[in-house]
Amino acid sequence: MAESKANTNASEILTTGQWIKQQDDLPRLDCELTLCYILGVNRASVLACPERPLSADQLIETNRWADSLRNDVPFAYLAGEQEFWGLKLAVSRNVLVPRPETELLVECALTLIKSGTNILDLGTGSGAIALAIASERPDIKVTGSDISIDALLVAKKNSMSLDIDVTLKQSSWFESLTGHWQIIVSNPPYIDPGDPHLKHLHAEPQQALIADEQGVADLRKIIAEAPNYLKNKGWLLLEHGFDQAQQVRLLLEQSGFQAVGSHRDLANIERVTLGQYIYE
Ligand SMILES: C[S@@+](CC[C@H](N)C(=O)[O-])C[C@H]1O[C@@H](n2cnc3c(N)ncnc32)[C@H](O)[C@@H]1O
């Protein structure tokens, strides 16, 4: 546990500006946003009024958030929400916090959609990818599946609060799914169990992060089984780790996919690899 820098003496009056200065080991933006949530004000107000006093209760709560941030709890879990593709998604510790780089997978899928296309999002978690696609294309049928019933409850909550229609199913990859899709997308777990970065990701569900075989076990399984669930000329699009593109391209080619290629994210990293399956 990271040692608290927070002043826990609730009887001392602190202003918001003084509180931010005390948290000099945390990103300033996280501190400002913490104050926004606890005080129920917007960021402009936090910036404009650094002399606003914190009540004893507010000080206890802001210090609790600061300590959680020091211990690698994502801000999104404290706030209970995360923006993805312009949608405000509810998140809990049962789902991975949707990452900005995953928007590339949404972008790539959207370019392949034609009218009448149906899409499957494997390992939907909070529903981020499925809901983003369905928000852009309300005319197509989007299904999201996950092994975790707790994650599916979060996805359902998001579908209802955003009033975006997606079908949700519990399944371990394709095991309990029937049907054929024009596009299958997935951001599966792809982190090597021995990756040292995992210690900073301890708050997120490990089932959403870690895969055997240096992180490629789930990618391999999805690639091997997807041809049985794709329509003729259907596409499989996969997010993967920064160093896995070449291996994923090879796995797709070995499974008979054509037009295999990778797309780079904003950090210029090959992040999404796709292929088309054409029946013989
Ligand atoms: C990296 S997270 C992606 C979550 C969400 N799609 C996103 O991009 O934010 C991987 C998801 O795959 C799910 N998952 C892990 N193993 C699975 C399996 N065997 N079958 C189906 N889903 C699985 C996890 O529960 C988790 O929600």
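The structure we're discussing is the one just above.
Residues numbered from 1 in each chain as written. Predicted model: local features only at pLDDT ≥ 70, side-chain atom pairs only at ≥ 80, totals over all residues. Heavy atoms only, no water.

**Student:** I keep staring at the nonpolar core and nothing clicks. Help me out?
**Tutor:** Nonpolar side chains in soluble globular proteins tend to be buried together. I119, I133, V142, I183, V185 and L237 are the most contacted members of the largest nonpolar core, which has 28 residues in total. When contributions to this core are tallied by element, the ones reaching two or more residues are β4 (87–90), α6 (103–112), α7 (128–136), β8 (181–186), β9 (230–239) and β11 (270–277). Ranked by residue count, the leading element in this core is α7, at seven residues. Those residues in contact with V142 that lie beyond four places of it in its chain are I119, A130, I133, A134, V166 and T167. Counting 27 residues, the second-largest nonpolar core is a separate cluster that includes W19, C36, F75 and A79. (Core = buried A, V, L, I, M, F, W, Y, C linked by side-chain atoms within 4.5 Å. Buried < 20%, exposed > 50% of the residue type's maximum accessible area, 1.4 Å probe, protein only. Helix = DSSP H or I, 4+ residues; strand = E, 2+ residues; numbered from the N terminus. Contact = heavy atoms within 4.5 Å.)

**Student:** How do you make sense of the pairing of β4 when you look at a structure like this?
**Tutor:** Looking along a regular strand, one sees side chains alternate from face to face of the sheet. As defined by bridge partners, strand β3 (residues 81–84) adjoins β4 across four bridges and the pair is classed as antiparallel. When the bridges of β4 are listed, F84 appears paired with L87. What sits between the antiparallel neighbours β3 and β4 is a turn of two residues, in which W85 has the positive phi angle 55 degrees. (Pairing = 2+ DSSP bridges.)

**Student:** Even after reading the chapter, I still don't get helix α9 (residues 217–225), so can you show me in this structure?
**Tutor:** Residue pairs spaced three or four apart in an α-helix point in one direction, given the helix's 3.6 residues per turn. Within the span of α9, buried status applies to A217, D218, L219, I222 and I223. Buried positions along α9 lie against β5 (118–122), β8, β9 and α10 (245–254).

**Student:** Could you clarify how one ought to interpret the site of the ligand in this entry?
**Tutor:** Looking at the ligand, there are 17 residues lining it, with G123, D146, W173, N187 and A208 nearest. Contact between the ligand and G123: a nitrogen atom at 2.8 Å from a main-chain N or O atom of the residue. Here the ligand has 600 Å² of accessible area as a free molecule, and 95% of this is covered by the chains. With respect to the pocket detection grid, the ligand is positioned in the second largest pocket. Across the shell around the ligand, the residue classes tally to eight nonpolar, eight polar and one charged. (Near = heavy atom within 4 Å. Polar contact = N/O pair within 3.5 Å; in protein donor to acceptor, adjacent residues only side chain to side chain. Areas by Shrake-Rupley, 256 points an atom, 1.4 Å probe, with all protein chains shown as cover. 1 Å grid on protein atoms, 1.4 Å probe; cavity = no way out; pocket = protein on both sides within 12 Å on 5 of 7 lines; lining within 4 Å. Sits in = over half its atoms within 2 Å of the grid points. Nonpolar A, V, L, I, M, F, W, Y, C, P; charged D, E, K, R; others polar.)

**Student:** What's the story with the side chain of N118 in this structure? I'm lost.
**Tutor:** Looking at where N118 falls in the secondary structure, it is placed in strand β5. A polar contact is formed between the side chain of N118 and the backbone oxygen of H180, at a distance of 3.0 Å. If we ignore the near neighbours within four places in the chain, the residues touching N118 are K141, H180, W181, Q182, I183 and K231.

**Student:** Any chance you could explain the pattern of salt bridges here in plain terms?
**Tutor:** A side chain of one charge can pair with a side chain of the opposite charge if their charged atoms are brought near each other. As enumerated under the stated definition, the model contains 13 salt bridges in all. When the shortest N-O distance is used, the salt bridge between R70 and D67 registers 3.1 Å. On the criterion of helical spacing, the pair formed by R70 and D67 is a turn pair, its members being three residues apart in helix α4 (residues 56–70). Given a relative accessible area of 10%, R70 falls into the buried group. A salt bridge links E213 to R220; the nearest nitrogen and oxygen atoms lie 2.7 Å apart. Taking relative accessible area as the criterion, E213 reaches 40% and is therefore assigned partly exposed. (Salt bridge = Lys/Arg side-chain N within 4 Å of Asp/Glu carboxyl O.)

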